[in-house]
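# Working through the structure, step by step
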Amino acid sequence: MSVSSKILQKSESFYNAYERKQGGDPISTHYCPGCGHGIVHKLIAEALDDFGVQDKGILISPVGCSVFAYYYFDVGNIQAAHGRAPAVGTGYSRANPDSIVICYQGDGDLAAIGANEIIQAANRGEKMTVIFVNNAIYGMTGGQMAPTTLIAQRTTTTPLGRNAENEGYPLRMSEIISTLEAPVYVARTKISDTKSINATRKAIRKAIKAQVDGRGFSFVEILSACPTGWKMSPRESEVWIEEIMAKYFNPGIYKDTIDTRQPKIQQKLIVDPKDYHELLDISTASLSSLEGVLPVPPVQEMIEEIKIAGFGGQGVLSLGYVMANIAMGHNYEVSWLPSYGPEMRGGTANCSVKVSHKRIGAPVVAHPTTLIALNKPSMAKFENEITSNGIIIYDNSLIDTAPQRKDVQVYAVPATELADKIGSTKSANMVMLGAYAALRGYLDTAYIEWAIPQIIKKKKLQELNIQAFKTGMEHIKELLKKCVN
Amino acid sequence: MSKVLIKGNEAVVRGAILAGCRNYFGYPITPASEIAETAALYFPRVGGGFLQAESEIGAINMVYGAAAAGVRVMTASSSPGISLKMEGISYIAGAELPCVIIDIMRGGPGLGNIAPEQGDYNQIVKGGGHGNYKLIVLAPNSAQEMSDLTMLAFELADKYRNPAVVLADGYIGQMMEPVKFPQPVTSFPEKDWALKATRETRDNLVTSIDLDPDLLEKHNEKLQKKYAIIEENEVRFEEYRLDDAEIILMAFGIVSRLVQGAVDELRALGIKVGMLRPITLFPFPKKQIQEYAAKSSVKYFHIFEMNNGQMLDDVRLVLNGSKPVKFYGRMGGNVHSVKEIIEQVMKEMREL
């Protein structure tokens, strides 16, 4: 088909009749005389036809005069919130990479309220083409200032003309986007005469072709007339584009790395749902998958509320995690709750573990029945919170003053020192586990020894951890013997 | 089925993947970040996509785009982040797209703190975004339900072409509990409205704009009809020791766990209390509340929330003066203790 017949004929990618447009005139568009949108629409539709991607086409229309682009384009249409087209396009393109996504945006949409979305989508190199119609004014809302309104240009919100002191300077989006690594094609064109329309046609085709070929993000800014908003005739508008707009917004190709960029090959990973449990670490993380291999003692009626506290790095949270897992393996109801957020980064950490024969209410432990204190501040913080007849197990290699409470049982375990002797300070928490198990007596020793390496999977520590656990148990047994004697 | 000791936030992601969710878009925020972190690890493993968005606004609009493609998609955040998403949520509701949003509520208003609160009830259940829309709202009270209700949220979202929210708090998100995971969902509803970038779906349109007031009114009426059907069919609630209860305690989420503990202790003292716990906040268990209110044995309702009494308003609307309503709330990230709840119940009993 010759170029001239193409120009005269309606593109396949347009509807024959614009049925979605209400008001009884399905032939003409809703755009004003002299508006640039119609021409830009035509150039896009023609490119979609020529590259054979009408069916794959997803047009995302913005908020602005082109909000109704879906009246005209016979492709898949999504209407987006103001400025969010590149985010919506990102979502669509990621969900369906086998599509051709065109984000159609105006200047307020792209360069003001949606400035972040466009920069970020461009920077990620999303598989999409952005067509940016810059007419230096808000058309749909009635002629207010746009981020691209020129200095001294009068709009309804700059009645005396845009003043850089108050409103800053017009944003040059093509220049900004061309500084980013990811985009493969960034160009600014204008539509003010046949020659410039041809240049625009070329740029739009190049941008869409880049996407069809899987090269990534492409961007075309088009200086376009808004005679209504500008309060000019269509002819005056063309002159204004040439003589004023194009002087500040220089047309040109700002970036073209299409040929140097390898096409992105989208390989779709297909996974059999049967494998999900393994892939999601559900089957492997489960202790009870070996249920019945080791016998566990019957469940006792009890509510054990444990607080474990110390410095970050002492294995406070993981001790709680191991305890809760083991108790779960003994068929108890359990919960584990860490102190979270900035608290964690202040150097102290604590966690709450609850073990009970019945359903647990709140996971937080305010008044522990057992406190395991691994440093001095923890002892200071929690000593007074323990319930009467509760147990304090504290690391007396790091805490030099014994607790003052007389209504609780206190056990000093030099966990750090003992762990050092075994060969790893890191196992101090497992020494405490041994001490706890020996004192509370409801957990099976053989089961714990089997379970520790199932829960803490670091190979290096497995032997040491079991040894540390045994050491902790022994220490308590010795202490208790002394008491009896 | 084996149990895994797991955080609520991690259970959400596994549940979502087992429910067939394939795309995650989100922004980090405490105490919801583990959801994004877990999603970043597991979504790619099963052939799905994870993207850390530039903002909460970006994330929810990516959800809008992916939902338009017909895939199961989700995002997660915490209160201040959810406030930012409200624009997108309104558009998604208006365009009738299915998606799942997880809100791990924290203390507010403003930056507030990162401790657990339930102050988002109004913004999630009553709107938050503009327009006459409703979200399907599910309120888990355990790590198990974080998985189960996330899975249910995907099902309901697709069934009604409506966004569904799992409304939890910092404790439910952060705590670990044993969770049993079911087998993955393998059959999904056909979405003939979705844009699949094919000839057959080319004529589909995803939009929330309609300039004609009559047509937009019609669309709104259609939405209201849909919400009425949801209210008819999807109410979920838990009844605990209510049979002969004279005082009905109500709570959702983590608070219901504490209230349940209080019910046991009060019962042991011979006080006839029970708990009615809404699992769905929209649809709200109106009929069930009315049924209990109609019983002459029921003296009053006592509501416990970690906010200034937001669900309380809904209970009052339902009761419409038929029974007295008492309220005790904690705010700022403080959680009731069981003891405190018992004291409050005893205090109101004495006063009545």
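Quick notes on the rules
- Numbering of residues starts from 1 in each chain and follows the order in which that chain's sequence is written.
- The order in which chains are written sets their letters, starting at A; the order in which ligands are written sets their numbers, starting at 1.
- Only residues with pLDDT of at least 70 get local features here, since the model is predicted, and only at 80 or more are side-chain atom pairs given and counted; chain-wide, interface and lining totals rely on the full set of residues.
- Side-chain figures throughout are based on the complete set of non-hydrogen atoms in the structure, without hydrogens or water.
- The helix and strand labels rest on DSSP assignments: H or I over at least four residues marks a helix, E over at least two residues marks a strand, and numbering proceeds from the N terminus.
- For the exposure calls, accessible area comes from a 1.4 Å probe over protein chains only, and a residue counts as buried if that area is under 20% of its type's maximum, exposed if over 50%, partly exposed in between.
- Contacts were defined at the residue level, with two residues in contact if any of their heavy atoms lie within 4.5 Å.
- Only the protein chains shown count as covering a residue, and every accessible area follows the Shrake-Rupley method with a 1.4 Å probe.
- When charges are tallied, Lys and Arg are placed among the positive residues and Asp and Glu among the negative ones, while His and the ends of the chain are skipped.
- One atom stands in for each charge, and that atom is NZ of Lys, CZ of Arg, CG of Asp or CD of Glu.
- By definition here, a salt bridge exists when the distance from a side-chain nitrogen of Lys or Arg to a carboxyl oxygen of Asp or Glu is within 4 Å.
- Any N or O atom pair separated by 3.5 Å or less is treated as a polar contact, with the protein-specific requirement of one donor-capable and one acceptor-capable atom, and with residues adjacent in sequence counted only for side-chain atom pairs.
- Charged residues are taken to be Asp, Glu, Lys and Arg, nonpolar residues to be Ala, Val, Leu, Ile, Met, Phe, Trp, Tyr, Cys and Pro, and polar residues to be all remaining types, Gly included.
- Pairing between strands requires that DSSP locate at least two bridges from one strand to the other.
- Multiplying 1.5 Å by the helix residue count minus one yields the expected span of that helix.
- Here a Phe, Tyr or Trp ring, Trp counted by its six-membered ring, pairs with any other such ring whose centre lies within 6.5 Å, and the pair is stacked when the planes are under 30 degrees apart, edge-to-face when over 60, and tilted otherwise.
- Convention adopted: a line fitted to C-alpha atoms gives each axis, helices being fitted over their contacting stretch, and angles between N-to-C directions are expressed from 0 to 180 degrees.
- As used here, the term nonpolar core means buried Ala, Val, Leu, Ile, Met, Phe, Trp, Tyr and Cys residues forming a set that is joined through side-chain atoms within 4.5 Å.
- We call a pair of cysteine sulfur atoms a disulfide when they lie within 2.5 Å.
- Looking down the strands as they point away from the viewer, one classifies a crossover as right-handed if the path from the first strand across the helix to the second runs clockwise.
- Convention used here: angles under 35 degrees read as roughly parallel, angles over 145 as roughly antiparallel, angles from 65 to 115 as roughly perpendicular, and any remaining angle as oblique.
- By definition, any crossing whose near helix is turned counterclockwise from its far helix by less than a right angle is left-handed, and any crossing with a clockwise turn is right-handed.
- Where each domain begins and ends is defined by an automated method or by a domain database.

We now examine the overall build of chain A. Within chain A, the secondary structure is distributed over 17 helices and 13 strands. Structurally, chain A occupies a C-alpha span of about 110 × 55 × 45 Å along its principal axes. Taking all 485 residues of chain A together, 55% fall into the buried category. Considering only contacts in chain A between residues 6 or more positions apart, those separated by 24 or more positions represent 65%. With an accessible surface of roughly 20700 Å², chain A has 54% of that area assigned to carbon and sulfur atoms. Between the mean site of the 50 positive side-chain charges and the mean site of the 48 negative ones, chain A shows a separation of 3 Å.

Each side of the interface is counted separately: chain A has 68 residues, and chain B has 72 residues. Applying the counting rule to chain A against chain B returns seven salt bridges. Arg 20 of chain A is paired through a salt bridge with Asp 203 of chain B; the nearest N and O atoms lie 3.8 Å apart. Our count for the contact surface shared by chain A and chain B stands at 25 residue pairs in polar contact (both at pLDDT 80 or more). Ranked by the residues each element gives to the side of chain A that touches chain B, the list is headed by helix α3 (residues 85-95) of chain A, at seven residues. Along the lines of polarity and charge, the residues of the side of chain A that touches chain B split into 35 nonpolar, 20 polar and 13 charged. Relative to strand β9 (residues 205-206) of chain B, strand β2 (residues 76-79) of chain A runs parallel, the two being bridged by two bridges. Each bridged residue has a counterpart across the sheet, and for Ile 78 of chain A the counterpart in β9 of chain B is Val 206 of chain B.

Moving on to helix α17 (residues 459-484) of chain A. Residues and elements named next belong to chain A. Look at α17: 39 Å from first C-alpha to last across 26 residues, which is about the 38 Å you get at 1.5 Å a residue. The set of residues buried in α17 consists of Leu 461, Gln 462, Leu 464, Asn 465, Ile 466, Ala 468, Phe 469, Gly 472, Met 473 and Ile 476. In this structure, the buried residues of α17 make contact with β13 (409-412), α14 (415-422), α15 (428-440) and α16 (445-455).

Residue and element names in this part refer to chain A. Counting buried positions along strand β5 (residues 185-190) gives six out of six residues, so the element sits mostly inside the fold. Here β5 shows a buried face lined by Tyr 185, Ala 187 and Thr 189 and a second buried face lined by Val 186, Arg 188 and Lys 190. Sheet topology note: the β5/strand β6 (residues 218-223) ladder contains six bridges and is parallel. Bridge assignment links Val 186 to a residue of β6, and that residue is Phe 219.

Right, let's talk about the packing of aromatic side chains for a bit. Residues and elements named next belong to chain A. Evaluated as defined, the whole model comprises 18 aromatic pairs over all chains. Pairing Tyr 332 with Tyr 442 gives two aromatic rings, centres 5.4 Å apart and planes at 80°, and the pair type is edge-to-face. Of the two residues, Tyr 332 is situated in the loop between α12 (316-329) and β9 (333-338) and Tyr 442 in the loop between α15 and α16; the sequence distance between them amounts to 110 residues. Across the pair, exposure class does not vary: Tyr 332 and Tyr 442 are buried alike. Among the aromatic residues, those joined into a ring-pair cluster are Tyr 18, Tyr 31, Phe 68, Tyr 70, Tyr 71 and Tyr 72.

Our next topic: the sheet that holds strand β11 (residues 247-250) of chain B. In sheet architecture, strand pairing relies on hydrogen bonds along the backbone and comes in two forms, parallel and antiparallel. Residues and elements named next belong to chain B. Across the sheet, which stays open at both edges, the five strands sit in the order β10-β12-β11-β14-β15 with mixed pairing between neighbours. Only two strands of the sheet have a single neighbouring strand rather than two, namely β10 (237-240) and β15 (325-329). The mean angle between the axes of side-by-side strands here comes to 20°, regardless of whether they run parallel or antiparallel. With four bridges connecting them, β11 and strand β14 (residues 300-305) associate as parallel partners. Considered in β14, the bridge of Ile 247 is made with Tyr 300.

To continue, consider the sheet that holds strand β4 (residues 129-134) of chain A. In spatial order, the strands read β7(A)-β5(A)-β6(A)-β4(A)-β3(A)-β1(A)-β2(A)-β9(B); together these eight strands make up an open sheet with mixed pairing. Single-partner strands in this sheet number two, and they are β7 (252-256) of chain A together with β9 of chain B.

The subject of this paragraph is the nonpolar core. Formed by 161 residues in total, the largest nonpolar core has its most connected members in Ile 78 and Phe 219 of chain A together with Met 74, Met 250 and Phe 301 of chain B. Residues within four places of Met 74 of chain B in sequence aside, it is in contact with Val 12, Ala 16, Cys 21, Asn 23, Tyr 24, Phe 25, Ile 35, Phe 43, Val 63, Val 100, Ile 102 and Phe 154 of chain B. Ala 324, Met 328, Val 334 and Met 473 of chain A belong to the second largest nonpolar core, which has 53 residues in total.

Right, let's get into the state of the cysteines. By definition, a disulfide links the sulfur atoms of two cysteine residues through a covalent bond. All told, the structure shown has zero disulfides over all chains when counted by the stated rule. There is no disulfide at Cys 226 of chain A, and the cysteine sulfur nearest it, in Cys 65 of chain A, is 6.2 Å away. Here Cys 99 of chain B is not disulfide-linked; the sulfur of Cys 21 of chain B is the nearest cysteine sulfur, at 9.8 Å. For Cys 99 of chain B, a relative accessible area of 2% gives the class buried.

For the rest of this paragraph, the subject is the environment of Ser 283 of chain A. Residues and elements named next belong to chain A. Tracing the sequence through the fold places Ser 283 in the loop between α11 (276-279) and β8 (303-311). For Ser 283, a relative accessible area of 32% translates into the label partly exposed. At 3.5 Å, the side chain of Ser 283 and the backbone nitrogen of Glu 278 are in polar contact.

All names here are of chain B. Along the chain, Thr 30 connects to Pro 31 via a cis peptide bond; the corresponding omega equals 5°. Its place among the elements puts Pro 31 in the loop between β2 (23-26) and α2 (33-45). Going from Gly 108 to Pro 109, the amide bond is cis rather than trans, its omega being 0°. By the element assignment, Pro 109 lies in the loop between β5 (99-105) and α5 (121-125). In this structure, Arg 161 takes a positive phi of about 50° despite not being glycine.

The side chains of a regular strand alternate between both faces of the sheet. All names here are of chain B. Most of β14 sits out of view: six of its six residues are buried. Of the two faces of β14, the one lined by Tyr 300, His 302 and Phe 304 and the one lined by Phe 301, Ile 303 and Glu 305 are each fully buried. Pairing between β14 and β15: five bridges, direction parallel. The partner of Phe 304 across the bridge, within β15, is Tyr 328. Once the chain exits β14 it traverses helix α11 (residues 310-319) before rejoining the sheet at β15, and the crossover so formed is right-handed.

Residue and element names in this part refer to chain A. For the pair helix α2 (residues 37-50) and helix α8 (residues 194-212), interaxial distance at closest approach is 9 Å and the crossing angle is 45°. Taken together, the axis directions place α2 and α8 in an arrangement best described as oblique. Along this stretch, α2 crosses α8, giving a crossing that reads as right-handed. The segment α2 lies against α8, with Ile 39, Val 40, Leu 43, Ile 44, Glu 46, Ala 47, Leu 48 and Asp 50 engaging Ile 197, Thr 200, Arg 201, Ile 204, Arg 205 and Ile 208. Of the residues belonging to the contact of α2 with α8, the class tally is nine nonpolar, one polar and four charged.

Segmenting chain A into domains produces domain 1 (3-256) and domain 2 (296-484). Domain 1 of chain A and domain 2 of chain A are separated by 63 Å when their C-alpha centres are compared.

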